[in-house]
Protein chains: 2
Amino acid sequence: MDSDYGIPRELSDLQKIRSLYQPELPPCLQGTTVRVEFGDGTTTADPTDALTISRAFPNTYGYPLAHFLRATAKVPDAQIITEHPPMRVGIVFCGRQSPGGHNVIWGLHNALKIHNPQSVLLGFLGGSEGLFAQKTLEITDSILSTYKNQGGYDLLGRTKDQIRTIEQVNAALAACNNLKLDGLVIIGGVTSNTDAAQLAETFAVKKCPTKVVGVPVTLNGDLKNQFVETNVGFDTICKVNSQLISNMCTDALSAEKYYYFIRLMGRKASHVALECTLQSHPNMVILGEEVAASKLTLSEIAKQITDAVQARAEQDKYHGVILLPEGLIESIPEVYALLKEIHGLLRQGVAVEKISSQLTPWASALFEFLPPFIRRELLLYPESDDSAQLSQIETEKLLAYLVEAEINKRTKEGTYKGKKFNAICHFFGYQARGSLPSKFDCDYAYVLGHICYHILAAGLNGYMATVTNLKNPVNKWKCGAAPIAAMMTVKRWSPNPGATSIGKPAIHPATVDLRGKAYELLRQNAQSFLMDDIYRNPGPLQFDGSGADAKVITLSVEDQDYMGRIKKLQEYLEQVRTIVKPGCPQEVLKAALSVMASVTEVLAAMSTSSSNTLSAL
Amino acid sequence: MDSDYGIPRELSDLQKIRSLYQPELPPCLQGTTVRVEFGDGTTTADPTDALTISRAFPNTYGYPLAHFLRATAKVPDAQIITEHPPMRVGIVFCGRQSPGGHNVIWGLHNALKIHNPQSVLLGFLGGSEGLFAQKTLEITDSILSTYKNQGGYDLLGRTKDQIRTIEQVNAALAACNNLKLDGLVIIGGVTSNTDAAQLAETFAVKKCPTKVVGVPVTLNGDLKNQFVETNVGFDTICKVNSQLISNMCTDALSAEKYYYFIRLMGRKASHVALECTLQSHPNMVILGEEVAASKLTLSEIAKQITDAVQARAEQDKYHGVILLPEGLIESIPEVYALLKEIHGLLRQGVAVEKISSQLTPWASALFEFLPPFIRRELLLYPESDDSAQLSQIETEKLLAYLVEAEINKRTKEGTYKGKKFNAICHFFGYQARGSLPSKFDCDYAYVLGHICYHILAAGLNGYMATVTNLKNPVNKWKCGAAPIAAMMTVKRWSPNPGATSIGKPAIHPATVDLRGKAYELLRQNAQSFLMDDIYRNPGPLQFDGSGADAKVITLSVEDQDYMGRIKKLQEYLEQVRTIVKPGCPQEVLKAALSVMASVTEVLAAMSTSSSNTLSAL
């Protein structure tokens, strides 16, 4: 199979045109001079985690943010890197394929060659397994030609998503040493970037000169934090899915006789479902985060949907579209507990047909209550990350089944007097993942690829490439890098009262913020979405003309640009220092002290309370 | 609900831009002068059907083709219609929603108003039920504004797909009389156009002045015959599905661990599956027509797929994409027979749980062999057209299940030595049907709408609007109309030896021609598609720039333009008549006679043999 990687292939007319598209670079990355400005040392979002994380990452925690600046930027203490010795860099796809991934490789390759044509980029073939086995393909312009701006990860392929066990880490270390790599770039989501941080730390400990860089590429859009606004692939995935959801809405409204239950991708976090809802205005969406927060049972969810169906029937409406993320099933506390029991028994080697008899009484009761097709699916062996095989569990069918049962019950009781309830179920699983990437994802990935080079040129280890201010046009984007350890959190739980266990530091998936602006927008419109059929169709992904520059709504609604604000704050502090220099008038100094005293007091109070809030979550 | 029809609604940016797109008209339809040329009286494709059809349609069979010509065309005996009294026309969506349907209404409305601003177009609300109940909405430019070039049928809605029973026909007659309609335009597929022809005949018999016109709009693309090259919606459906299939191919090739089994729409005919295969190059497709022609059993199909999986495993390939149309299940002779038995019992009122015990022994054996989820789905009540509820029968899961079983068997026997077989199933059912229509479908539907006006202005009844030469740009399109009765065939079957039953004349779905060019193209490439992963991604539907004018491959490959050729033949015959006028030299006459004698002999022979071939099918 290896011989199949990187071979040129037949492209459709549109693919050919796309392969000729040249993403723009923001001004700071144009030209060949790299200017880096370092900010203050980083901490973590939750101060209570800082100690644990700093202990786990003594060589890579606490390092400063890096801002990459225009050659002409007037920042006195920015470093200018003028020497660009040839570099050997390895790059690996790690984690599920996400549209735009290829452009990270292209961007990095382009940046390497611009700064020194002797530099070499090696792609690892077949993902992390190719890394362990040291199987590489030297990236060239001709190899890239049919993969530029194209979807999938098929230029290099992927395998397992892990670089975690001692054997795996040692194999990666051996590969980097043998291949004399100056840098290793890992393209992936939360898991892969956690692994990248761990690898960077291990390399530092073992004096391996290879610097490890992470790139936030995941269609789930759940690698979000102070430094990272969105992930490569999320824009495309949401657009392709929204197109399809809108088509279903139009279809429902035309035939007026079906409820479409659509299961979307999205594991621990429901970002895709939220964005698609804001794009398409389906009648209803059930986010995993809502269910988890309000601890809804399966029956309660089914009753909520039935209430909606009934309210619509009273307006003589017998159609609708209901979205749910595939991770919903794990968000329902009782089902989650049942899954835990089943997975525990499976891992003990209990045969599938004997599991139901070994469940605890209440888990058994729930299991027996479920229809046979779902029981069979819940009994599947869990995935490598311990989650259930969500792509195989037909939650949409389960809910349609329960709603139908509830409608029948209400019909018998005489409380539901409408027509028959007809549900048709769809799973929007893999049909978006291999899509041609949107212009946004092409640009974002390409720019991140360039930043990877600048991180390596600055000699940074354990950093993630970041772009902020993404809701604005490319020429306003701000490029930087942040230590991956600063994005980590530590999970705490109480196995028994009085004792607290803490987990390993990791980047955890950011779930939908139920107090955030995007969710607020959904809640404001939820009633109208439900009853008024104000369906909206963003249409198919466009590459030319109107619509080609559309961005996801959540990105535009949220007011992010953390990196920009951090930089602005630095400038203010610098100004105060410049104004209040030794020798300045006493009154100025007094005023400055008085103001700063109250400022620090307020900030300290806020910081403590937000830390408490975070811990309470 | 009625008050919801035709209301303006919020459009996305792309929808707004699309709503401003003005489809082009071919030269023959520009301006306000209508020129009609009538050809010879029509017959049917199979001469043996002609008598039966002419008896069933005494008032609408045998009428000539109509060609609509440019005002400046030099055709001596073309009629010029100069008077355009105001007209009252009704229009109804009948059958499953298909992208572009709204543009038929727009085109007709535009043509009506251009020729006489006093003309009125009434849309029937809620499909055929709205027709029976005489619920109408007067179409205006402002009502159309948010529906131009938009998907779905939600401007008017649809309900049942039938205008067939005596009550229904009488209700339609009453509606046309009461509303004083000069014309009734029926938008739909094979069933609805058959109903349109029947309605036209009935109206003629009952001296109802309303002329009935049919428009070929069906995403199945199975209303194909000498006069009709393709249907409104087929282009869009194939493009949207091909995009998704290609995404799945890219995905499969990136992860290299899954076989995706994808069920596509397509009932009796597999046109969508064929076109999508030519667009996307998935590894395998199983057309219903192939299975029916070779009388493959379910096990044989599963074995064919398993052989393919095994051959790929021997090349270390463990991924792939396999397409199948939803109608496949009914094409398998043994399953079809089983379904017939089940439906017969259901219609007799036998309870679902008792059906399995009342099946004939062999049907029972097949039923028991099937996995429980499919058994449950086969037991669903049939649809109004007697077919099974194909959208609910998960043939893709059944095949994945059988292939897995076969792989396991071969593994035990030691004949399969590859890795585990992993299948993931998808149903691409309704996610394309509500799509924004492609440029082609926007244009085609709009032009057909215009032609409907011209048919009514020419006073024709029981005709279908036609456009030929569609593979060329709009300015080369040829516009015409053909009697619907000329598109009908009669089914014959032998209930017992010696006796032959014949069915009612109807337009039957055109199945994929296994001797046609499009299928030949598939067969030529099948082996390469299967083994070499030469996946191709036509990309998302584009409205601007490259790709916006792409047409379906089957349309371009097939050399159709029957109407153009009929017209050309007429011209040749006319030339012969002009050259060989009474008074011409004896030698010229002799030569003409001799040549024409051999020509007619050859044609007669061809005609008989093709009729025999047709009857044998």
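Looking up chain A in an unreviewed UniProt entry gives the name Pyrophosphate--fructose 6-phosphate 1-phosphotransferase subunit alpha, with the organism given as Psophocarpus tetragonolobus. We quote the UniProt Subcellular location (unreviewed entry) comment for chain A here in full: "Cytoplasm". The UniProt entry for chain A carries this comment under Subunit (unreviewed entry): "Tetramer of two alpha (regulatory) and two beta (catalytic) chains."

Between chain A and chain B, the residue contacts involve 66 residues of the former and 66 residues of the latter. In total, chain A and chain B occlude about 5200 Å² of area from one another, counting both sides; carbon and sulfur atoms represent 50% of this. At the boundary of chain A and chain B, one finds six salt bridges. Note that Asp251 of chain A and Arg433 of chain B form a salt bridge whose closest N and O atoms lie 2.7 Å from each other. Where chain A touches chain B, the interface holds 28 residue pairs in polar contact (both at pLDDT 80 or more). Elements that contribute at least two residues to the side of chain A that touches chain B include exactly helix 1 (13-19), helix 8 (234-255), helix 16 (372-378) and strand 12 (423-428) of chain A. Looking at the side of chain A that touches chain B, the element that brings in the most residues is helix 8 of chain A, giving 10 residues. Tallied by class, residues from the side of chain A that touches chain B come to 25 nonpolar, 25 polar and 16 charged.

The subject of this paragraph is the relation of the copies chain A and chain B. For the pair of chain copies, the relating operation is a rotation around an axis with a shift along it. At an RMSD of 0.0 Å, chain A and chain B line up after a rotation of 180° and a shift of 0.0 Å along the axis. Given the turn and translation reported, the copies of this chain are related as if by a two-fold rotation axis.

With that settled, consider the sheet that holds strand 9 (residues 259-264) of chain B. Across a sheet, paired strands are connected by hydrogen bonds in the backbone, their directions being either parallel or antiparallel. All names here are of chain B. On the basis of which strands lie adjacent, the open sheet formed by four strands has the order 10-11-9-12 and parallel pairing. The sheet is open, and its two edges are formed by strand 10 (284-285) and strand 12 (423-428), each paired on a single side. Alignment of strand 10 against strand 11 (residues 320-325), held across two bridges, turns out to be parallel. Following the sheet pairing, Val285 is matched in strand 11 by Leu323.

Let us now look at the environment of Ala365 of chain A. Considering the arrangement of structural elements, one finds Ala365 of chain A in helix 15 (residues 361-369). C-alpha separation for the pair Ala365 of chain A and Leu338 of chain A, spaced 27 residues apart in sequence, amounts to 10.0 Å.

All right, on to the sheet that holds strand 1 (residues 34-41) of chain B then. Residues and elements named next belong to chain B. Reading across the sheet, the 10 strands line up as 3-1-2-14-13-8-7-4-5-6 and stay open at both edges, with mixed pairing between neighbours. A single partner strand is all that each edge strand has here, and the edge strands are strand 3 (79-81) and strand 6 (136-138). The mean angle between the axes of side-by-side strands here comes to 30°, regardless of whether they run parallel or antiparallel. Packing of helix 21 (residues 562-579) onto the sheet brings it into contact with strand 1, strand 2 (64-69), strand 13 (463-468) and strand 14 (478-483), and relative to strand 2 it is tilted by some 95°.

Take the packing of helix 8 of chain A against helix 8 (residues 234-255) of chain B next. Closest axis-to-axis distance for the helix 8 of chain A/helix 8 of chain B pair is 12 Å, and the angle between their directions is 140°. By the angle class used here, helix 8 of chain A and helix 8 of chain B are oblique. When you trace helix 8 of chain A past helix 8 of chain B, the crossing you get is left-handed. Between helix 8 of chain A, through Val240, Gln243, Leu244 and Asn247 of chain A, and helix 8 of chain B, the contact on the second element is made entirely by Val240, Gln243, Leu244 and Asn247 of chain B. Per-class residue counts for the contact of helix 8 of chain A with helix 8 of chain B are four nonpolar, four polar and no charged.

Across all of its chains, the model carries 46 salt bridges over all chains by this definition. For the salt bridge of Glu290 of chain B with Arg523 of chain B, the shortest nitrogen-to-oxygen distance reads 2.5 Å. Linking Glu290 of chain B in helix 10 (residues 288-294) with Arg523 of chain B in helix 19 (residues 517-532), this pair joins segments that are 233 residues apart in sequence. Overall, the relative accessible area of 15% leaves Glu290 of chain B in the buried class. Among the charged side chains, a salt-bridge network with shared partners connects Asp307, Glu406, Lys409, Arg410 and Glu413 of chain A.

Before going further, it helps to examine a nonpolar patch on the surface. Residues and elements named next belong to chain A. On the surface, a nonpolar cluster with roughly 740 Å² of combined accessible area is contributed by Leu569, Leu573, Val576, Val595, Met596, Val599, Val602, Leu603 and Met606. Broken down by element, the nonpolar patch gets its largest block of residues, six residues, from helix 22 (residues 586-616). With respect to the helices and strands, the residue Met606 is situated in helix 22. You can call Met606 exposed: its relative accessible area is 54%.

Residues and elements named next belong to chain B. Secondary-structure assignment places Asp533 in the loop between helix 19 and helix 20 (553-557). Side chain to side chain, Asp533 and Asn283 meet in a polar contact 3.0 Å long. Side-chain polar atoms of Asp533 contact the side chain of His319, separated by 2.9 Å. Apart from residues no more than four positions distant in its own chain, Asp533 is found in contact with Leu253, Asn283, Arg312, Lys317, His319 and Ser528.

A few words on empty space enclosed by the protein. Residues and elements named next belong to chain B. The final tally for this structure, using the stated rule, is five cavities of 30 Å³ or more. What lines the largest cavity is simply Gly221, Lys224, Glu229, Thr230, Phe234, His271, Val552, Thr554, Leu555, Glu558 and Gln560. The class makeup of the residues in the lining of the largest cavity is three nonpolar, five polar and three charged. In this structure, the second largest cavity spans a volume of roughly 40 Å³.

Here we take up helix 2 (residues 47-56) of chain B. Residues and elements named next belong to chain B. Among the residues of helix 2, those classed as buried are Asp49, Ala50 and Ile53. Projected onto a plane normal to the axis of helix 2, the buried residues spread over an arc of 115° and lie on a single side. The exposed residues of helix 2 that point more than 90 degrees off its buried face are Leu51 and Arg55. In this fold, the buried residues of helix 2 make contact with strand 15 (492-493).

Residue and element names in this part refer to chain B. Counting buried positions along strand 12 gives five out of six residues, so the element sits mostly inside the fold. As defined by bridge partners, strand 9 adjoins strand 12 across six bridges and the pair is classed as parallel. Looking across to strand 12, one finds that Tyr259 is bridged to Ala423.

Moving on, we come to the pairing of strand 8 (residues 211-216) of chain B. Residues and elements named next belong to chain B. Taken across its six residues, strand 8 has five buried, putting it largely inside the fold. For strand 7 (residues 183-188) and strand 8, the ladder comprises six bridges, and the chain directions are parallel. Bridging across to strand 8, Ile187 finds its partner in Val215. As judged from the two bridges shared by strand 8 and strand 13, these two strands associate in the parallel manner. Pairing of Gly214 across the sheet is with Met464, part of strand 13.

The next subject is the state of the cysteines. Residues and elements named next belong to chain A. Under the definition given, this model contains zero disulfides over all chains. Cys238 provides the cysteine sulfur closest to Cys442, a residue in no disulfide bond, and the two sulfurs are 16 Å apart. The exposure class of Cys442 is buried, given its relative accessible area of 0%.

Moving on, we get to the confidence of the model for chain A. Residue and element names in this part refer to chain A. For chain A, the mean per-residue pLDDT works out to 91, and 97% of the residues sit at or above 70. The low-confidence segment residues 613-617, where pLDDT is below 50, has six contacts with residues more than four positions distant or belonging to other chains. Prediction confidence for the complex, expressed as pTM and ipTM, is 0.90 and 0.87 respectively.

Here the focus is the packing of aromatic side chains. Under the counting rule described, the total for this entry stands at 24 aromatic pairs over all chains. Ring centres of Tyr258 of chain B and Tyr260 of chain B lie 6.1 Å apart, and the angle between their planes is 35°; on these two criteria the pair is classed as tilted. By relative accessible area, which is 19% here, Tyr258 of chain B ends up buried. By relative accessible area, Tyr260 of chain B is classed as buried at 0%. Ring centres 6.2 Å apart and planes at 90° place the aromatic pair Phe427 of chain B and Tyr430 of chain B in the edge-to-face group. Accessibility assignment for this pair places Phe427 of chain B and Tyr430 of chain B in one class, buried. Among the aromatic side chains, those forming a connected cluster through ring pairs are Tyr258 and Tyr260 of chain A together with Phe427 and Tyr430 of chain B. A cation sits over an aromatic face here: Lys568 of chain B above Tyr572 of chain B, 5.5 Å from the ring centre.

Reading guide: rules and limits
Residues numbered from 1 in each chain as written. Chains lettered and ligands numbered in written order. Predicted model: local features only at pLDDT ≥ 70, side-chain atom pairs only at ≥ 80, totals over all residues. Heavy atoms only, no water. UniProt positions renumbered as here; feature names shortened; annotations may be inferred. Contact = heavy atoms within 4.5 Å. Buried area = accessible area lost by both parts, 1.4 Å probe. Salt bridge = Lys/Arg side-chain N within 4 Å of Asp/Glu carboxyl O. Polar contact = N/O pair within 3.5 Å; in protein donor to acceptor, adjacent residues only side chain to side chain. Helix = DSSP H or I, 4+ residues; strand = E, 2+ residues; numbered from the N terminus. Nonpolar A, V, L, I, M, F, W, Y, C, P; charged D, E, K, R; others polar. Least-squares fit on C-alpha atoms with pLDDT ≥ 70 in both. Pairing = 2+ DSSP bridges. Axes fitted to C-alpha atoms, helices over the stretch in contact; angles between N-to-C directions. Parallel < 35°, antiparallel > 145°, perpendicular 65-115°, else oblique. Left-handed = near helix turned anticlockwise from the far one by under 90°. Buried < 20%, exposed > 50% of the residue type's maximum accessible area, 1.4 Å probe, protein only. Patch = residues over 30% accessible without salt bridge, like charges linked within 9 Å, V, L, I, M, F, W, Y side chains within 5 Å. Areas by Shrake-Rupley, 256 points an atom, 1.4 Å probe, with all protein chains shown as cover. 1 Å grid on protein atoms, 1.4 Å probe; cavity = no way out; pocket = protein on both sides within 12 Å on 5 of 7 lines; lining within 4 Å. Points joined across faces, edges and corners; volume = space filled by probe spheres on them. Arc of directions from axis to C-beta. Disulfide = S-S within 2.5 Å. pLDDT = per-residue confidence, 0-100. Phe/Tyr/Trp six-rings, centres within 6.5 Å; stacked < 30°, edge-to-face > 60°. Lys NZ or Arg CZ within 6 Å of the ring centre and 35° of its normal.

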